[in-house]
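The residues making up each chain are set out below.
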Amino acid sequence: MRWDWSTVIEVFPLIFDAMWTTLGLTIACFSTAMIVGAIWTALKRIKFKPFNWFISFVLEFIRSTPPLVQLYFLFFAWPMIPYIGVTLDPFTVAVMGLGVHFSTYISEIYRSGIEGVPKGQLEAATALNFSTRQKWTKIILPQAIPPIIPMLGNYLIIMFKEIPLTIVVGVAGMLTVAEVYGVNNFEYLEPYTIVAFFFLAMSYPSSLLIQWLEKKMNRRFVNKPDKKGKGVTAT
Amino acid sequence: MTQPLIQYEDVHKSFDDVEVLKGINLEVDPGEKISLIGPSGSGKTTIIRMLMTLEKPTSGLIKVDGTPLWHKEVNGKLVEADEKHLRKVRGDIGMVFQHFNLFPHMTILKNCTSAPINVQGVDKKVAEERAVEMLEKVGLGNKLDAYPAQLSGGQQQRVAIARSVVMRPKVMLFDEVTSALDPETVGEVLEVIRDIAKEGEMAMILVTHEMEFARDIADRIVFLESGKIAEEGKPLDILENPNSERLKTFLQRFRSNF
Amino acid sequence: MEGLDITLTVLIGSAIFGYSIAFIAGFGRLAKNVFIRKFTTVYIEIFRGTSLVVQLFWFFYVLPGLLGIELSSYMIGVITIGMNYGAYMSEVVRGSILAVPKGQYEAATALNMSRFQRMRFVILPQAIRMMLPEFGNYLIQMLKATSLVSIISMADITYVGLLYRDANTSEGVAVFTMLLVIYFIIALPLIYITRRLERWASKGVATE
């Protein structure tokens with residue numbers, strides 16, 4: 001197997017086009033995960049014990065089983081379920097499958113954000129006679145959201161890298177295009193390497209951006225460490 | 001005259017661009033007890049941290065028993081010391097920290113035996129006997145199997161002292177060892193240090209804010225002011241008849257505080 | 001229950017390989033030698049920056065031809081999952097070592113421990129307490145990742161499930177529900193152990 005630039009020139013535009021599908025799918029999946037995640041977080045705040053256990057169980061189940069099998073389930077099994085079952089197109093399967101799988105992680109992030117707001121804040125709001133609605137919109141959320149933005153960003157990148165999984169249900173993302181080309185032309189090296197390159201070229205700068213964001217957030221929300229406390233002495 | 005145990009020769013130290021020590025010359029004799037006093041930021045802690053090899057001097061020489069600590073001689077020239085040389089010289093020095101720094105994953109006994117066994121190669125049984133004896137001396141003979149987190153600050157600091165003493169260093173450094181403690185446990189820690197000081201052979205350098213204690217225990221008090229030794233002498237002279245205005249103000253501030 | 005042996009052996013192989021890589025790369029990132037540090041960083045960024053599925057395809061279709069060697073599907077599965085999660089977990093190793101407070105290094109130095117002794121007796125025992133819960137979480141991630149070997153035609157439980165559904169299309173719901181339940185049952189002890197480790201880890205680490 002030899003690296004062949006003419007193959008690169010031929011396959012690069014194909015993969016570049018498919019990149020939009022992959023990116024679009026990432027955004028669709030992530031939006032779904034953010035919305036469903038919020039629903040989980042809200043449901044978990046209901047203080048009825050058995051219900052709480054049930055939701056925790058469902059979340060743990062979704063979280064600890066493979067998204068690949070969940071995709072298969074939606075694709076092959078869902079249409080056969082009586083009453084609610086409908087045949088779903090690949091794009092919908094991907095959005096539902098990955099969206100719901102990652103919603104369980106996103107809901108944890110929301111929870112950590114809310115719990116990160118000191119209790120005193122809520123008490124102060126009560127002391128100022130804020131309504132429940134005002135407490136959330138004026139006190140809790142403005143403090144809970146900024147610290148979780150970098151975490152959400154991290155999951156956006158993680159999700160982006162999970163999109164190739166949808167090849168199994170036939171979504172025409174970058175990997176799918178590369179595979180089709182590979183099988184038809186018996187050329188695997190260039191297409192797959194280009195796909196890998198695309199992923200690296202997009203996720204690495206994004207992760208640097210998020211690291212920068214994280215540092216900025218830390219500076220805003222955490223007390224500055226003293227000057228002496230930096231690093232380990234090299235002796 | 002016998003050779004001094006510790007010698008600082010024109011030692012400078014800068015952090016980034018800030019010079020915190022501007023030419024320190026200091027000698028400590030074997031068995032001598034010295035108190036370093038001075039306002040915060042005057043560089044007291046840095047002086048002993050350099051001796052413990054936790055901080056590297058920017059220039060100047062520090063000698064232990066006549067041997068340069070941060071340098072070694074190669075073909076008659078002094079070059080930067082490597083880890084091996086540091087380890088050889090460092091063996092004579094022990095240190096107790098402001099925040100104790102006990103090893104949280106080891107029992108109290110293990111804290112005191114780990115280094116003798118692994119570093120000095122002392123037989124496990126002997127090391128344990130010594131550690132138990134020392135821990136009894138500091139009043140913690142009943143806590144051998146406890147973990148640091150289960151002890152009060154004062155108790156932890158007494159363990160830290162025992163941990164350092166069992167290594168039998170020639171000089172022990174105390175870095176503001178009572179300033180992280182609750183006021184009611186300060187006394188028990190000072191008592192332990194006093195007992196060890198009475199035994200005599202070990203030299204001690206104490207960085208402290210406890211003036212009374214500094215006076216009781218020290219053979220000599222050294223007053224540091226913005227990176228230089230401003231005054232030194234016998235405790236009574238320094239504390240009762242300070243020469244410089246600066247020392248006077250410093251001492252006054254202390255008296256009015258306590 | 002066919003295919004369970006493949007799923008489990010791939011999981012065990014990937015875990016052993018992944019944890020080893022995590023330690024090697026984690027220490028590599030902390031090495032004094034600039035070359036080692038740079039090399040490790042490049043490895044980590046490549047494996048974290050590209051997708052696991054893409055890596056699997058690359059290792060399956062490209063690598064054997066490139067190197068001119070035959071690799072079994074098992075090897076490819078274990079190498080891909082191990083190297084991918086090894087890269088992620090190396091950050092856990094590095095982060096935990098750096099998270100041990102500076103005072104612990106200083107106390108160990110004051111007791112005249114060598115660099116190796118400091119690591120062995122003081123730093124690692126505390127760092128490992130912080131690593132283990134994370135390692136547990138990643139073990140569950142790796143379990144989920146083992147299902148990917150079905151894509152390269154290894155007969156793990158997912159693959160067996162797919163074959164069975166192809167033969168009995170009417171039983172799709174039962175097959176995939178079963179599959180999810182089996183994965184969950186394998187995950188349960190891992191979840192339990194991870195929780196226990198989290199509780200255990202909160203003790204025995206210096207906070208100052």
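Here's a quick rundown of the structure. Quantities reported herein were computed from a predicted structural model and do not represent experimental measurements.

### A word on the interface of chain C and chain A
Taken together, the 45 residues of chain C in the interface contact 42 residues of chain A. A buried area of about 3,900 Å², summed over both sides, lies between chain C and chain A, and 73% of it is on carbon and sulfur atoms. Counting the surface chain C buries against chain A, the share from its top three residues, Lys144, Leu180 and Phe184 of chain C, is 16%. Residues glutamate 60 of chain A and arginine 195 of chain C are paired through a salt bridge, measuring 2.8 Å at the closest nitrogen-oxygen approach. Applying the counting criterion to the chain C and chain A interface returns 10 residue pairs in polar contact (both at pLDDT 80 or more). Secondary structure elements with two or more residues in the side of chain C that touches chain A: α2 (34-49), α3 (52-67), α5 (102-110), α6 (115-146), α7 (157-167) and α8 (172-201) of chain C. Per element, the largest residue contribution to the side of chain C that touches chain A is 12 residues, and it comes from α8 of chain C.

### Side note on the packing of aromatic side chains
Two aromatic rings are characterised by how far apart their centres lie and by the angle between their planes. Tallying each qualifying case throughout the model produces 33 aromatic pairs over all chains. Following the ring pairs from residue to residue traces out a cluster consisting of Phe12, Phe16, Trp20, Phe197 and Phe198 of chain A. Across the ring face of phenylalanine 15 of chain B, the terminal group of lysine 13 of chain B is positioned such that the distance to the ring centre comes to 4.9 Å. Between the NZ or CZ atom of arginine 163 of chain B and the centre of the ring of phenylalanine 103 of chain B, over which it lies, the distance is 4.6 Å.

### So, the pattern of salt bridges
Note that side chains of opposite charge can pair when their charged atoms are close. Inspection of every chain in the model, using the stated rule, returns 28 salt bridges over all chains. Across the salt bridge formed by arginine 115 of chain C and glutamate 83 of chain B, the nearest N and O atoms sit 4.0 Å from each other. In this pair, arginine 115 of chain C sits in helix α6 while glutamate 83 of chain B sits in helix α2 (residues 83-90), so the two residues belong to two different chains. Judged by relative accessible area, which is 42%, arginine 115 of chain C ranks as partly exposed. For glutamate 83 of chain B, a relative accessible area of 18% corresponds to the buried category. When salt bridges that share partners are traced, they join Arg49 and Glu55 of chain B together with Lys102 and Glu106 of chain C into one network.

### Describing the sheet that holds strand β11 (residues 220-225) of chain B
Residue and element names in this part refer to chain B. The strand order across the open sheet built from 6 strands is β8-β9-β10-β3-β11-β12, with neighbouring strands paired in mixed fashion. Both edges of this open sheet fall to β8 (93-96) and β12 (228-233), since each of them pairs with a single strand only. With direction set aside, neighbouring strand axes in the sheet form an average angle of 20°.

### Remarks on the environment of aspartate 16 of chain B
Residue and element names in this part refer to chain B. Positionally, aspartate 16 belongs in the loop between β1 (6-15) and β2 (18-28). What makes aspartate 16 exposed here is its relative accessible area of 53%. The spatial distance from the C-alpha of aspartate 16 to the C-alpha of lysine 248 is 31 Å, given a sequence separation of 232 residues.

### So, the packing of helix α1 (residues 5-44) of chain A against helix α7 (residues 174-185) of chain A
Residues and elements named next belong to chain A. Across the interface, α1 lies against α7 with an axial gap of 7 Å and an inter-helix angle of 150°. Classified by the angle between their axes, α1 and α7 sit roughly antiparallel to one another. Where α1 crosses over α7, the handedness of that crossing is right-handed. Residue-level contacts link Thr7, Glu10, Val11, Leu14, Ile15, Ala18, Met19 and Thr22 of α1 to Met174, Val177, Ala178 and Tyr181 of α7. Counted by class, the contact of α1 with α7 contains 9 nonpolar, 2 polar and 1 charged residues.

### Some thoughts on the sheet that holds β2 of chain B
Residue and element names in this part refer to chain B. Sheet architecture is open: 4 strands sit in the order β2-β1-β4-β5, paired in antiparallel fashion. The sheet is open, and its two edges are formed by β2 and β5 (67-68), each paired on a single side. Strand direction decides the pairing type here: β1 and strand β4 (residues 59-64), joined by 5 bridges, are antiparallel. Counted as the bridge partner of glutamate 9 is leucine 61 from β4. Helix-sheet contacts for helix α1 (residues 44-51) involve β1, β2 and β4, and the interaxial angle to β1 is about 115°.

### Here we look at the interface of chain B and chain C
Listed by partner, the interface residues are 25 residues for chain B and 24 residues for chain C. Buried surface at the junction of chain B and chain C, both sides included, amounts to about 2,000 Å², of which 59% is carbon and sulfur. Of all residues in chain B, the largest losses of buried area upon contact with chain C belong to Phe103, Pro104 and His105 of chain B, amounting jointly to 27% of the total for that side. Where chain B meets chain C, there are 2 salt bridges. For the side of chain B that touches chain C, the secondary structure elements donating two or more residues are α2, β8 and α3 (108-118) of chain B. Here the side of chain B that touches chain C is built from residues that sort into 12 nonpolar, 8 polar and 5 charged.

### Considerations on a negative patch on the surface
Negative charge collects at one region of the surface, where Asp123, Glu129, Glu133 and Glu136 of chain B lie side by side. Tracing the backbone through its elements, the reader meets glutamate 136 of chain B in helix α4 (residues 124-137).

### Some thoughts on the side chain of serine 42 of chain B
Residues and elements named next belong to chain B. Structurally, serine 42 can be placed in the loop between β3 (33-37) and α1. From its side chain, serine 42 meets the backbone oxygen of proline 39 in a polar contact 2.7 Å long. Setting aside its immediate chain neighbours within four residues, serine 42 contacts Val20, Leu21, Leu224, Glu225, Ser226 and Gly227.

### Description of the environment of alanine 77 of chain A
Locating alanine 77 of chain A in the fold gives a position in helix α3 (residues 67-77). Expressed as a C-alpha distance, the spacing of alanine 77 of chain A and leucine 98 of chain A, which sit 21 residues apart in the sequence, is 16 Å. If we skip the residues at most four places from it in the chain, alanine 77 of chain A touches Tyr72 of chain A together with Gly172, Val173 and Phe176 of chain C.

### A word on α3 of chain A
The element α3 of chain A is extensively covered by neighbouring structure, given that 9 of its 11 residues are classed as buried. Three or more residues of α3 of chain A are buried, namely Pro67, Leu68, Val69, Gln70, Leu71, Tyr72, Phe73, Leu74 and Ala77 of chain A. Those residues of α3 of chain A that are buried lie in contact with α2 (49-64), α4 (90-116) and α6 (132-162) of chain A together with α6, α7 and α8 of chain C.

### Some remarks on the nonpolar core
Core analysis: the biggest nonpolar cluster contains 154 residues, and Met174 of chain A together with Tyr8, Leu51 and Leu173 of chain B have the highest contact counts within it. Examining the composition of this core, we find that 13 residues originate from one element, α6 of chain C, more than from any other. What leucine 51 of chain B contacts, discounting residues up to four positions off in sequence, is Ile6, Tyr8, Ile62, Val64, Leu69, Ile93, Leu173 and Ile205 of chain B. Core analysis: the next-biggest nonpolar cluster, separate from the first, contains 48 residues, Met202, Ala214, Ile217 and Phe250 of chain B among them.

Parameters at a glance
Residues numbered from 1 in each chain as written. Chains lettered and ligands numbered in written order. Predicted model: local features only at pLDDT ≥ 70, side-chain atom pairs only at ≥ 80, totals over all residues. Heavy atoms only, no water. Contact = heavy atoms within 4.5 Å. Buried area = accessible area lost by both parts, 1.4 Å probe. Salt bridge = Lys/Arg side-chain N within 4 Å of Asp/Glu carboxyl O. Polar contact = N/O pair within 3.5 Å; in protein donor to acceptor, adjacent residues only side chain to side chain. Helix = DSSP H or I, 4+ residues; strand = E, 2+ residues; numbered from the N terminus. Phe/Tyr/Trp six-rings, centres within 6.5 Å; stacked < 30°, edge-to-face > 60°. Lys NZ or Arg CZ within 6 Å of the ring centre and 35° of its normal. Buried < 20%, exposed > 50% of the residue type's maximum accessible area, 1.4 Å probe, protein only. Pairing = 2+ DSSP bridges. Axes fitted to C-alpha atoms, helices over the stretch in contact; angles between N-to-C directions. Parallel < 35°, antiparallel > 145°, perpendicular 65-115°, else oblique. Left-handed = near helix turned anticlockwise from the far one by under 90°. Nonpolar A, V, L, I, M, F, W, Y, C, P; charged D, E, K, R; others polar. Patch = residues over 30% accessible without salt bridge, like charges linked within 9 Å, V, L, I, M, F, W, Y side chains within 5 Å. Areas by Shrake-Rupley, 256 points an atom, 1.4 Å probe, with all protein chains shown as cover. Lys, Arg positive; Asp, Glu negative; His and termini not counted. Charge placed at Lys NZ, Arg CZ, Asp CG, Glu CD. Core = buried A, V, L, I, M, F, W, Y, C linked by side-chain atoms within 4.5 Å.

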